[in-house]
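Here is how the chains run, residue by residue.
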Amino acid sequence: MPQRETYFGPWTLGDEALEALDQWLEVHRSNYTQVCILTDENVHEAALPHVLSGLAHLGESAVLEIPPGESSKCPELLSQLWIAMLENGMDRHSLLVSMGGGVVTDLGGFLADTFMRGIDHILVPTSLLGMVDASIGGKTAIDVGGYKNLAGTFAQSEGIFAWPPVLNSLPEAEWRSGWAECIKHAFLQGGDLWDACQQVQSYAEILPLLPALAMAKVEVVDADPFELTDARKALNLGHTLGHAIESAFGGGVSHGDCIAAGLWLESCIAEDLGHLKPSHGQALRTLIDRWWTIHLPLPAEVNAYLHGDKKNQSGKIRFALPAGPGQGIVLTEVPAGIVKKALAKYV
Ligand SMILES: NC(=O)c1ccc[n+]([C@@H]2O[C@H](COP(=O)([O-])OP(=O)(O)OC[C@H]3O[C@@H](n4cnc5c(N)ncnc54)[C@H](O)[C@@H]3O)[C@@H](O)[C@H]2O)c1
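Description of the structure in this document.

**Topic: the overall build of the protein chain**
Helices and strands together make up the secondary structure of the protein chain, namely 15 helices and eleven strands. Taken along the three principal axes of its C-alpha coordinates, the protein chain extends 60 × 40 × 35 Å. Burial statistics for the protein chain: of 347 residues in total, 48% are counted as buried.

**Some points on the environment of Phe 115**
Mapped onto the elements of the fold, Phe 115 is located in the loop between α5 (102-114) and β6 (120-125). Between the C-alpha atom of Phe 115 and that of Met 90, which follows or precedes it by 25 residues, the distance is 9.3 Å. Those residues in contact with Phe 115, other than ones at most four positions away along the chain, are Trp 82, Met 85 and Met 90.

**Considerations on helix α8 (residues 191-199)**
All of the buried residues in α8 are Leu 193, Trp 194 and Cys 197. Projection of α8 onto a plane perpendicular to its axis shows the buried side chains occupying an angular sector of 95°, all on one side. In α8, those exposed residues whose orientation departs by more than 90 degrees from the buried face are Gly 191, Asp 192, Asp 195 and Gln 199. Contact partners of the buried residues in α8: α7 (172-189) and α9 (210-223).

**Focus on the packing of helix α12 (residues 255-272) against helix α13 (residues 278-291)**
With their axes 9 Å apart at the nearest point, α12 and α13 run at an angle of 165° to one another. The angle between the axes of α12 and α13 places the two elements in the roughly antiparallel class. Between α12 and α13 lies a crossing of left-handed hand. Judged by residue contacts, Ala 260, Leu 263, Trp 264, Ser 267, Cys 268, Ala 270 and Glu 271 of α12 engage Pro 278, Gly 281, Leu 284, Arg 285 and Ile 288 from α13. Looking at the contact of α12 with α13, its residues break down into eight nonpolar, two polar and two charged.

**Quick word on the nonpolar core**
Residues Leu 38, Met 99, Leu 128, Ile 183 and Leu 263 are the most contacted members of the largest nonpolar core, which totals 100 residues. Take this core: its biggest share by element is ten residues, from α12. Shared between two domains, this core holds at least three residues of each, these being domain 1 (3-169) and domain 2 (176-346). Ignoring any residue separated from it by four or fewer positions in sequence, one finds Met 99 in contact with Ile 37, Leu 38, Thr 39, Val 43, Leu 48, Val 51, Val 104, Val 124 and Thr 126.

**Describing the site of the ligand**
Near the ligand, the surroundings consist of 31 residues, among which Asn 42, Gly 101, Gly 102, Val 103 and Ser 127 are the closest. At the level of elements, α2 (41-46), α5, α6 (128-134) and α7 are the ones that each hand at least two residues to the shell around the ligand. Residues belonging to the shell around the ligand are distributed by class as follows: eleven nonpolar, 13 polar and seven charged.

**Regarding the packing of α7 against α12**
One can describe the packing of α7 onto α12 by two numbers: an axis separation of 7 Å at closest approach and a directional angle of 40°. Considering the angle they form, α7 stands oblique to α12. Once α7 is placed against α12, the crossing between them reads as left-handed. Seen from α7, the contacting residues are Arg 176, Ser 177, Gly 178, Trp 179, Ala 180, Glu 181, Ile 183 and Lys 184; seen from α12, they are His 255, Gly 256, Asp 257, Ile 259, Ala 260 and Leu 263. Taken together, the residues that form the contact of α7 with α12 break down as six nonpolar, four polar and four charged.

About the criteria used
- What you see as residue numbers is a count from 1 along each chain, following the sequence as written.
- Thresholds applied to this predicted model are a pLDDT of at least 70 for local features of residues and 80 or more for the giving and counting of side-chain atom pairs; totals over whole chains, interfaces and linings are not thresholded and use all residues.
- Per the convention used, a helix needs a DSSP run of H or I reaching at least four residues, while a strand needs a run of E reaching at least two, with both numbered from the N terminus.
- Using C-beta atoms placed from the backbone, we call a residue buried if 20 or more other C-beta atoms fall within 10 Å of its own, exposed if 12 or fewer do, and partly exposed for counts in between.
- Whether two residues are in contact depends on their C-beta atoms, placed from the backbone: they are in contact if these lie within 7 Å.
- Here, the arc refers to the directions that run from the helix axis to the C-beta atoms.
- Here an axis means a line fitted to C-alpha atoms, over the contact stretch when the element is a helix, while the angle between two N-to-C directions is reported on a 0 to 180 degree scale.
- What sets the label is the angle itself: under 35 degrees gives roughly parallel, over 145 gives roughly antiparallel, 65 to 115 gives roughly perpendicular, and the rest give oblique.
- Left-handed describes a crossing in which the near helix is turned anticlockwise from the far one by less than a right angle; the clockwise case is right-handed.
- The classification used treats Ala, Val, Leu, Ile, Met, Phe, Trp, Tyr, Cys and Pro as nonpolar, Asp, Glu, Lys and Arg as charged, and all other residues, Gly among them, as polar.
- By convention in this section, buried Ala, Val, Leu, Ile, Met, Phe, Trp, Tyr and Cys residues joined through C-beta atoms within 7 Å make up a nonpolar core.
- The split into domains, and so the bounds of each, comes from an automatic or database assignment of domains.
- Proximity of a residue to a molecule or strand is defined by its backbone-placed C-beta atom lying within 6 Å of that partner.

Below is the structure:
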């Protein structure tokens, strides 16, 4: 079972991860005055009972349930949850367990990092995207005023426990959404992982690749925990346009579907600027088009949101463009005309 001490906390992925979490609770539960489990309605219904049945040492705990979806990553819900935690007996010596997809772990991380100036936190990712991406690397976030991840922290946790059997109840659209980030990791890593991902024909075939896909992110974030060098910026591949598209849709389209479109578009831009070989760009677009057979009808507001991206410096639009499988990224400004050309090609 892949296990690793990471800068942001011990990370475990595999069929024994639930048992590993229970062993952790056996040792540490008595240190905590109270435990709250943050989850969303879908995970509560489809997966929580299954997970809880494997946690003999959890003891008494309270469940805080939020509505599913990106709109829950908001300041209003955050302040309601601070109060709910207080009303459920949480204090500075309590533990928050975030059990859900990236929305729950992003929000839960921010909640734990700010409640009474910070309490201990465990992450149990339950979506594909959560397991290979959102739960790894310590970034917490909420969206504000329509801007994705505008407020957030880098936070350490007591542990990240990814237990793949929980994916049995994940809806097909969410597999596709998570698959976009998997494709990004595989392209960044190159080599065997990129070759293997190009061969995948069904979601079940992703499962054996999960450890390598998640480890690809673990290695990048551990090399650059606070995104101070270009190493971690590589993870922004596909995200400059992906986030702008997600914001422009106002939450109606999944994160991964927007990232798939962002990867497609940014490969065109990289090619146009001479940073990416056409054959590599085409391979990436062919793989994306195989899984996303219909392109998104992009709203006109994409451009406006592009200018609000956190990576921009002095009002200029900065991209992390693909340089080739396993060849990292090129961080560069992109003229508005080149972005427009890529958008026209996508339509
Ligand atoms: N912190 C980071 O480094 C990082 C990285 C990538 C993405 N993210 C964030 O992650 C979020 C997207 O994550 P996501 O795609 O997991 O979205 P999500 O949390 O909304 O989960 C997707 C859907 O799947 C459901 N679901 C999750 N697990 C389930 C299960 N086992 N069974 C049944 N239903 C299940 C959820 O209820 C939800 O409806 C975005 O907000 C994005 O910004 C964060």
